[in-house]
Amino acid sequence: MPSIIRRLLLGRPLPTTHAVHERLPIILALPIFASDALSSVSYATEAILRQFHDYNVGHAQYGAAMALSLGIVGLILMVVVSYWQVIKAYARGGGSYLVARENLGLSLGLVAASALLVDYVLTVAVSVAEGVAATFSALHHVSPQFADLASHRLTVCLCVVAFLAVLNLRGVRESGVWVAIPSYSFIVLMFGIVALGLFRALVTGAPVESVAMPPNPNADVTLTPYLLIRGFASGCAALTGIEAVANGVQAFRAPEARNAQWTLGILGAILAALFTGITYLAVHFHIGPNETETVISQIARAAAGTEMPGGLLYYGVLGFTALILLLAANTAYAAFPRLAAILAEDGFLPRQLTALGDRLSLDNGIVALSLLAMGFLAVFGGETHALLPLYTVGVFIAFTTAQAGMVVHTLRSTRRDWPGLVINVLGGLVTFTVMVVVIRAKFVVPQPLFGTTWFYEGAWMALLLMAATVALFYGIARHYRGVAEQLARIPEDAEEPIRHTVIVLVPSRIHRGVLSALNYARTIDPNAIAVHVAFDAANEQALAGQWERYAGGTPLVVLDSPYRSLVRPVLQYLDETEHIRDDDVVTVVLPEFVPARWWQTFLHNATGWVLRLHLHYRRGIVITSVRYYLEE
């Protein structure tokens, strides 16, 4: 039954030789690796405006928002060109981690890796939370009766993460097919709504429906440099996901590096155009954030209206925006397992993360990412604005280390690419400056309370998680080195025979499984000992009679257990045996029977599992299960 369910959910297993056919062409790679970056255009503009709105800034916020957006677009193009160089130099994948490790040292490489892993987990959490919020926003406009669904936001978020996990466990290529249709539909609809909105703005001069924010009578705060910095830092969410292409180069069809570069270039062009257009429309129509409708919904309503036939475009934008936000997490599912596998190969994460599953996907990395994202969603209640302060910090650390690493790489090269060097130097300086701005803006918020104090917003948590992840890397690496050193030591007495004692644990009655275990024990040691833990005298007498009849040639030791504990008397007896006999090994034989159907296992006790759990970490103990398989 479990195998049938697994086949239905994941599909039939694929042979290893089929791996080359799972590589992605550009047309499928773009939606997989670009969905996160593309989805950010639906909330990056709103993130900028929300910073000004929360501080009661008047209509002056719109000019500032446009200027900040243009600056962010320039940064997007600079990062795209920089990672184009990274892909060319490191076609293996690994992105910022490999660049920093090989050029800046192991420590900075692990810092970059930790920043990316944390950011990918937050990508899943933020994208799913934002997608669910957008879905509820669309349903609210369909009918106010759907407003009650907001109370189930967290449950819906967790279900979406589970769905994405199953989708990716089915394989990279199949997940690409699922993501391609909504991703390309989103791109077409967004360009359509931007084009229609620009027509309304530049030709007719008025939106179809009134969406302008009313003047705020409490707008008494001027645009200080601090508020501009906070707005810029929030808008930099538009850059998240760009680096994912460099981490997953080996997922592309040959030539891998060239296809990855073209995918990155197409992504940068689409992202820059959409972000600029959306911000311009929000500024022109004086659209601002509110609690019941997203900025994208207001822009679509201003450009197309809700009445038919324009309503088709409006509801199409809302529907596919919700879908792309939900599927934006797929970028993390494409990048996180691959980066984790590279780290595992280097000995900094558990080796299980390198294993391929039935569908040639990195199943353990996919499951780990899903569980971590679910944890963040549960802690923050599925609220997007509670998660956003943790977001984008890690990605700019990765950007900075990648550019600095490429500078060192170019200087070490015999054939120096001077234009590339200039790009990487400039990119490194800009991303480092932005990194400081983002950390500063999202780390603390000054509040006038008893003079000057600080309210901590959330970036400190992301930095703390990164530090803990780096410590985890070093701890795992230290463990693997210790294991390798100990296993490499060959003792001088390795060829000497082992002296051992064999003990068979006997249940409350004799059955065929017990006799099979006893025969097996006698082949190892003719002087094997049988041990039974007695809970009451009646069962003890019945067992003694059966033992004399079927297994009288082997001594039976009965251990009294007045408190009905099975494990404690066995452990005490093993301690006494080891002390008296002083043998090298004590072999404990556990007789067990296996039901014909898997579900019948739950109808029997788990004595064998409990004993194995307690004996597993005891030195000098060998645990052997002798199974008797029942028939239907």
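Cut-offs and rules
Counting from 1, residues in each chain are numbered in the order their sequence is written. pLDDT decides what is reported in this predicted model: residues at 70 or higher carry local features, side-chain atom pairs at 80 or more are listed and counted, and totals for whole chains, interfaces and linings draw on all residues regardless. Water and hydrogen atoms play no part in the side-chain values, which are based on all heavy atoms of the structure. At least two bridges found by DSSP between two strands are what make those strands a pair. A run of DSSP states H or I qualifies as a helix once it reaches four residues; a run of E qualifies as a strand once it reaches two. Both are numbered from the N-terminal end. The axes used here are C-alpha line fits, helices contributing only the stretch in contact, and every angle between their N-to-C directions lies in the interval 0 to 180 degrees. Contacts are assigned to residue pairs that have any heavy atoms within 4.5 Å of one another. Residues enter patches when their relative accessible area tops 30% and they take part in no salt bridge; the joining distance is 9 Å for like charges and 5 Å for the nonpolar side chains Val, Leu, Ile, Met, Phe, Trp and Tyr. For the area figures, the Shrake-Rupley method with a 1.4 Å probe applies, and any residue is considered shielded solely by the protein chains shown. Any carboxyl oxygen of Asp or Glu within 4 Å of a side-chain nitrogen of Lys or Arg constitutes a salt bridge here. Between the first and last residue of a helix there are one fewer steps than residues, each counted as 1.5 Å, and that sum is the expected span. Accessibility here uses a 1.4 Å probe with only protein chains present; expressed as a share of the type maximum, an area under 20% marks a residue as buried, one over 50% as exposed, and anything in between as partly exposed. Any angle that is under 35 degrees is reported as roughly parallel, and any over 145 degrees as roughly antiparallel; angles of 65 to 115 degrees are reported as roughly perpendicular and all others as oblique. Amino acid classes used here: Ala, Val, Leu, Ile, Met, Phe, Trp, Tyr, Cys and Pro are nonpolar; Asp, Glu, Lys and Arg are charged; the rest, including Gly, are polar. Per residue, pLDDT captures the predictor's confidence, and it can take any value from 0 to 100. What the bend at a residue measures is the angle between two axes, fitted to the seven residues ending there and to the seven starting there. Working definition: a ring pair exists when centres of Phe, Tyr or Trp rings (six-membered ring for Trp) sit within 6.5 Å. Plane angles under 30 degrees give stacked, over 60 give edge-to-face, the rest tilted. For a crossover, the right-handed case is the one in which the path from the first strand over the helix to the second runs clockwise, viewed with the strands pointing away from the viewer. Site definitions follow a grid-based scheme: protein atoms alone, a 1 Å grid, a 1.4 Å probe that fits but cannot get out for cavities, and for pockets an open set with protein on both sides within 12 Å along at least five of seven lines, plus lining residues having an atom within 4 Å of a point. Grid points are joined across faces, edges and corners, and a volume is the space filled by probe spheres set on the points.

Turning our attention to the sheet that holds strand 4 (residues 529-534). Ordered in space as 5-4-3-6-7, the 5 strands form an open sheet in which the pairing is parallel. Lying at the two open borders of the sheet, with one neighbouring strand each, are strand 5 (556-560) and strand 7 (621-629). For this sheet the average axis-to-axis angle between neighbouring strands, irrespective of direction, equals 30°. Pairing between strand 4 and strand 5: 5 bridges, direction parallel. Across the sheet, the residue bridging to Ala 530 is Leu 556, located in strand 5. Contacts from helix 22 (residues 567-581) reach strand 3 (500-506), strand 4, strand 5, strand 6 (585-594) and strand 7, with the element oriented near 160° to strand 3.

Further remarks concern a nonpolar patch on the surface. Judged by side-chain polarity, Trp 598, Trp 599, Phe 602 and Leu 603 come together as a nonpolar surface patch covering roughly 540 Å² of accessible area. Relative to the elements of secondary structure, Trp 599 occurs in the loop between strand 6 and helix 23 (607-615).

So, about helix 7 (residues 153-169). Here helix 7 spans 25 Å end to end across 17 residues, near enough to the 24 Å set by a 1.5 Å rise per residue. Those residues of helix 7 not exposed but buried are Arg 153, Cys 157, Val 160, Val 161, Leu 164, Ala 165, Leu 167, Asn 168 and Leu 169. Trailing helix 7 by a residue or two, Gly 171 shows a phi angle of about 120°, which is positive.

In this fold, Thr 321 is placed in helix 13 (residues 310-327). With near-sequence residues (within four places) excluded, Thr 321 lies in contact with Ser 42, Phe 186, Met 190 and Ile 296.

Next up on the list: the packing of helix 11 (residues 256-284) against helix 12 (residues 295-304). Remark: helix 11 packs on helix 12, axes separated minimally by 10 Å, with the N-to-C direction vectors making an angle of 75°. On the basis of the axis angle, helix 11 is roughly perpendicular to helix 12. Side by side, helix 11 and helix 12 meet where Ile 278, Leu 281 and Ala 282 of the first sit next to Val 295, Ile 296 and Ile 299 of the second. Of the residues assigned to the contact of helix 11 with helix 12, the class counts are 6 nonpolar, no polar and no charged.

A few words now on the confidence of the model for the protein chain. Looking at the protein chain, pLDDT values average 80 and 85% of them are 70 or higher. Per-element mean pLDDT across the protein chain ranges from 43 in strand 2 (residues 453-456) up to 90 in helix 15 (residues 363-379). In this model, residues 445-456 is a region of pLDDT below 50 whose contacts with residues beyond four sequence positions or in other chains number 17 contacts.

Spanning 14 residues, helix 2 (residues 26-39) covers 19 Å between terminal C-alpha atoms, matching the ideal 20 Å at 1.5 Å per step. If you look at helix 2, its biggest bend is around 50°, right at Phe 33. Most of helix 2 is tucked away: 12 of the 14 residues are buried. Within helix 2, the full set of buried residues consists of Leu 28, Ala 29, Leu 30, Pro 31, Ile 32, Phe 33, Ala 34, Ser 35, Asp 36, Ala 37, Leu 38 and Ser 39.

Two side chains that carry opposite charge are able to pair once their charged atoms sit near each other. Applying the stated criterion across every chain yields a total of 4 salt bridges. With a shortest N-O distance of 3.5 Å, Arg 101 and Glu 102 are connected by a salt bridge. Since its relative accessible area comes to 23%, Arg 101 is described here as partly exposed. On the basis of relative accessible area, Glu 102 is assigned to the partly exposed category, the value being 40%. For Arg 618, the salt bridge identified is with Asp 575, shortest N-O distance 2.4 Å. Of the two residues, Arg 618 is situated in the loop between helix 23 and strand 7 and Asp 575 in helix 22; the sequence distance between them amounts to 43 residues. Among the residues examined, Asp 575 registers a relative accessible area of 39% and is labelled partly exposed. Taken together, the shared-partner salt bridges connect Arg 101, Glu 102 and Asp 346 into one network.

In total, this model carries 5 aromatic pairs according to the counting rule given. Centre to centre, the rings of Tyr 83 and Phe 399 are 5.6 Å apart; their planes meet at 65°, and the pair counts as edge-to-face. With Tyr 83 in helix 4 (residues 60-89) and Phe 399 in helix 17 (residues 393-412), this pair connects stretches of sequence that are 316 residues apart. With a centroid separation of 4.9 Å and 75° between ring planes, the pair formed by Tyr 314 and Tyr 315 is classed as edge-to-face. The buried category is assigned to Tyr 314, whose relative accessible area is 0%.

Before going further, it helps to spend a moment on the pairing of strand 3. Looking along a regular strand, one sees side chains alternate from face to face of the sheet. Among the 7 residues that make up strand 3, 6 are buried, leaving the element largely enclosed by the rest of the structure. Note: strand 3 against strand 6, 5 bridges, orientation parallel. When the bridges of strand 6 are listed, Ile 503 appears paired with Val 588. For the crossover that starts at strand 3, traverses helix 20 (residues 512-524) and ends in the parallel strand 4, the hand is right-handed.

To continue, consider the layout of surface pockets. The computed volume of the largest pocket comes to approximately 1,000 Å³. Considering the residues around the largest pocket, the lining is formed by 32 residues, among which Pro 507, Pro 591, Asn 605, Thr 607 and Gly 608 are closest to the centre. Elements with a minimum of two residues in the lining of the largest pocket: strand 3, strand 4, helix 21 (537-550), strand 6 and helix 23. Its residues assigned to classes, the lining of the largest pocket comprises 17 nonpolar, 9 polar and 6 charged.

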